[in-house]
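Chain by chain, the residues:
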Amino acid sequence: MLWNNQRIIQDLVEKGRVLFKVIISVAVLGIMAGVFFAGQRPTAYYPVPLLKSSCPPGFKLNENNECIAKNLYSQYATTNKAGVGGLKSALPEIRDGFSPQEIDLGRYLFFDPALSADQTVSCATCHDPDKGLGDGLATSQGKDGHKLKRAAPSLYNVGYLKKLFWDGRATSLEEQMLEPLFSKDEMGNTPENLLKTINEIKNYRKLFAEAYPKRDGDQPIALNEITKAITAFQSSLVSLNSKYDQYAHGYDEALNKNEIEGLNIFRSFVARCAECHTPPLFTNQQFAVIGTPEPDGLPLDPGAEIPFNDKSLRGAFKVPSLRNIAQTAPYMHSGRFKTLRETVQFYTDGRGHAVPEGENLLIHWHIWEPNLTDYEMDRLVDFLKTLTDESFKPKTPEVLPSGLKIST
């Protein structure tokens, strides 16, 4: 009897050892699978809130479920087609009329690295809300840390712009975003892989059906729906409530004495800043050859000459908006200047002083010899800082539909 009990106990111990080995083996396989599939295409469902039914700040919902831009500049009739523009000039036409759900869907897509080939890079990587919707780098970085040719411009008020990229080669936000999505040096994706990825994510199928209720729920998500949603979000990124704006709308105490002096210098025919950086958008949306120096050792960037096939535009770049300029250092298309003071100094150092030897550039006529004093340049910087307004900074999602970690 005792022998039988010992035998039973030994059998139980042996079975326990076998079971333990099986459990360990399964656990190891699970860990190996987790490592192997890390960063791979997510297919699981992650709880994501319903899309917002209210418009972002600066927009008003109409009876057609469209978000229409509303701001104090809407009450002004005069547009800036030429000249420095008055303080009560109107803004150009904006891309609006998107639904709140479209805008919110675009917000998720904007922050989601699922849009890149290796799922490590998102739109927000180069356009971080905490860095003025830029990236704080002299020139941006794509996937695998690849160094790009030019700086990432801020996206604030991009819905008002008619030409995109530093060289103006795109004329719509939809056209513009295709390049970083499918450039091997940036997000590195392909249309086929992007669509496969997004369509395999249950959350996105749910959210696209919510944002576009008239679409056939069984129909695969299309590329134009992805770009439209991101366009809707980007068009909502407004910044029009700075200290300068409050002053322009009649609150005289919004700017102090130094800042008002800086505004007067900015608009003067001596400095000529406002000729190109025309209020209220602080760009005339034109191209200018200013002769900014390239980083040491790099050849001249031909700029707009290439897409427009126009020798007169050699070295020309789109005049950027100065909105939130204090948040988006370093400056110029190549990030050549680290501070606003350095940038202002470049303009007062004289026409064409930094043009490389052997280059015969057609410098814009507004670039001349202003001979500003140190005091005047300091006041200009004081004024430029009054263009900062991040009161409508977009909110980063707490969780992404893909379940991936947010990449900024």
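Residues numbered from 1 in each chain as written. Predicted model: local features only at pLDDT ≥ 70, side-chain atom pairs only at ≥ 80, totals over all residues. Heavy atoms only, no water.

S.K.: Can you walk me through the nonpolar core in this structure?
M.R.: Soluble, globular proteins show a tendency: their nonpolar side chains are buried together. Tyr244, Phe266, Phe383 and Leu384 are the most contacted members of the largest nonpolar core, which totals 56 residues. Excluding its chain neighbours within four sequence positions, the residues that come into contact with Phe266 are Arg272, Cys273, Ala274, His277, Phe282, Leu322, Leu380, Phe383 and Leu384. Core analysis: the next-biggest nonpolar cluster, separate from the first, contains 24 residues, Ile198, Ala211, Tyr212 and Ile226 among them. (Core = buried A, V, L, I, M, F, W, Y, C linked by side-chain atoms within 4.5 Å. Buried < 20%, exposed > 50% of the residue type's maximum accessible area, 1.4 Å probe, protein only. Contact = heavy atoms within 4.5 Å.)

S.K.: Help me out: how do you make sense of helix 13 (residues 374–384) in this one?
M.R.: Given 3.6 residues to a turn, an α-helix orients residues that are three or four positions apart in the same direction. Every buried residue belonging to helix 13 is among Met377, Arg379, Leu380, Val381, Phe383 and Leu384, and all of these are buried. On its buried side, helix 13 packs onto helix 8 (243–248), helix 9 (257–267), helix 10 (273–276) and helix 12 (340–348). (Helix = DSSP H or I, 4+ residues; strand = E, 2+ residues; numbered from the N terminus.)

S.K.: Any chance you could explain the pattern of salt bridges here in plain terms?
M.R.: Think of it this way: side chains of opposite charge can pair up when their charged atoms draw near. This model, assessed by the stated rule, comprises 23 salt bridges. Across the pair Asp185 and Lys184 runs a salt bridge, and its minimum N-O distance is 3.4 Å. Judged by its relative accessible area of 24%, Asp185 falls in the partly exposed class. You can call Lys184 exposed: its relative accessible area is 68%. A salt bridge links Arg341 to Asp378; its shortest N-O distance comes to 2.8 Å. Residue Arg341 is found in helix 12, and its partner Asp378 is found in helix 13; the two are separated by 37 residues along the sequence. A relative accessible area of 24% means that Arg341 is categorised as partly exposed. Residues participating in the shared-partner salt-bridge network are Lys149, Arg150, Asp167, Arg169, Glu179 and Asp301. (Salt bridge = Lys/Arg side-chain N within 4 Å of Asp/Glu carboxyl O.)

S.K.: What am I meant to see in the environment of Thr283 here?
M.R.: Within the element layout of this structure, Thr283 appears in the loop between helix 10 and strand 3 (287–289). Separated by 39 residues in the primary sequence, Thr283 and Leu322 have C-alpha atoms spaced 7.2 Å apart. Among the polar contacts listed, one links the side chain of Thr283 to the backbone nitrogen of Gln285, at a separation of 2.9 Å. (Polar contact = N/O pair within 3.5 Å; in protein donor to acceptor, adjacent residues only side chain to side chain.)

S.K.: Just to check I follow, could you spell out the environment of Pro397 for this structure?
M.R.: Along the chain, Pro397 falls in the segment after helix 13. As a C-alpha pair, Pro397 and Arg107 span 290 residues in sequence and 7.8 Å in three-dimensional space. Those residues within four positions of Pro397 in sequence are excluded, and the remaining contacts are Arg107, Tyr108, Phe111 and Ile406.

S.K.: Mind showing me how you'd approach helix 9 here?
M.R.: Among the residues of helix 9, Glu259, Gly262, Leu263, Ile265 and Phe266 are the ones counted as buried. Along the long axis of helix 9, the arc covered by the buried residues comes to 165°, so they all point the same way. Buried residues in helix 9 make contact with helix 8, helix 10 and helix 13. The distance from a side-chain oxygen at the start of helix 9 to the backbone nitrogen of Asn258 is 3.1 Å, and the residue carrying that oxygen is Asn256. (Arc of directions from axis to C-beta.)

S.K.: Would you take a moment to explain the confidence of the model for the protein chain for this structure?
M.R.: Keep in mind that low pLDDT regions are not for reading the predicted coordinates in detail. Counting all residues, the mean pLDDT for the protein chain is 89, and 87% of those residues have values of 70 or more. Counting contacts from residues 1–6, a segment whose pLDDT is below 50, to residues more than four positions away or on other chains yields 0 contacts. Low pLDDT, under 50, characterises residues 18–43; the stretch is placed with 15 contacts to residues that sit more than four places away or in other chains. (pLDDT = per-residue confidence, 0-100.)

S.K.: Where do I start with unusual backbone geometry in this structure?
M.R.: Glycine aside, residues mostly have negative phi, and peptide bonds are mostly found in the trans state. With an omega of 0°, the peptide bond running from Pro279 to Pro280 counts as cis. Within the element layout of this structure, Pro280 appears in the loop between helix 10 and strand 3. In this model, Ala329 is joined to Pro330 through a cis peptide bond whose omega is -5°. In this structure, Pro330 sits in the loop between strand 4 (316–318) and helix 12. In this structure, Phe282 is a non-glycine residue whose phi angle is positive, near 65°. Summarising the element assignment, Phe282 is placed in the loop between helix 10 and strand 3. A relative accessible area of 0% places Phe282 in the buried class. Phi at Gln285 takes a positive value of approximately 60°, unusual for a residue other than glycine. Counting through the fold element by element, Gln285 comes out in the loop between helix 10 and strand 3.

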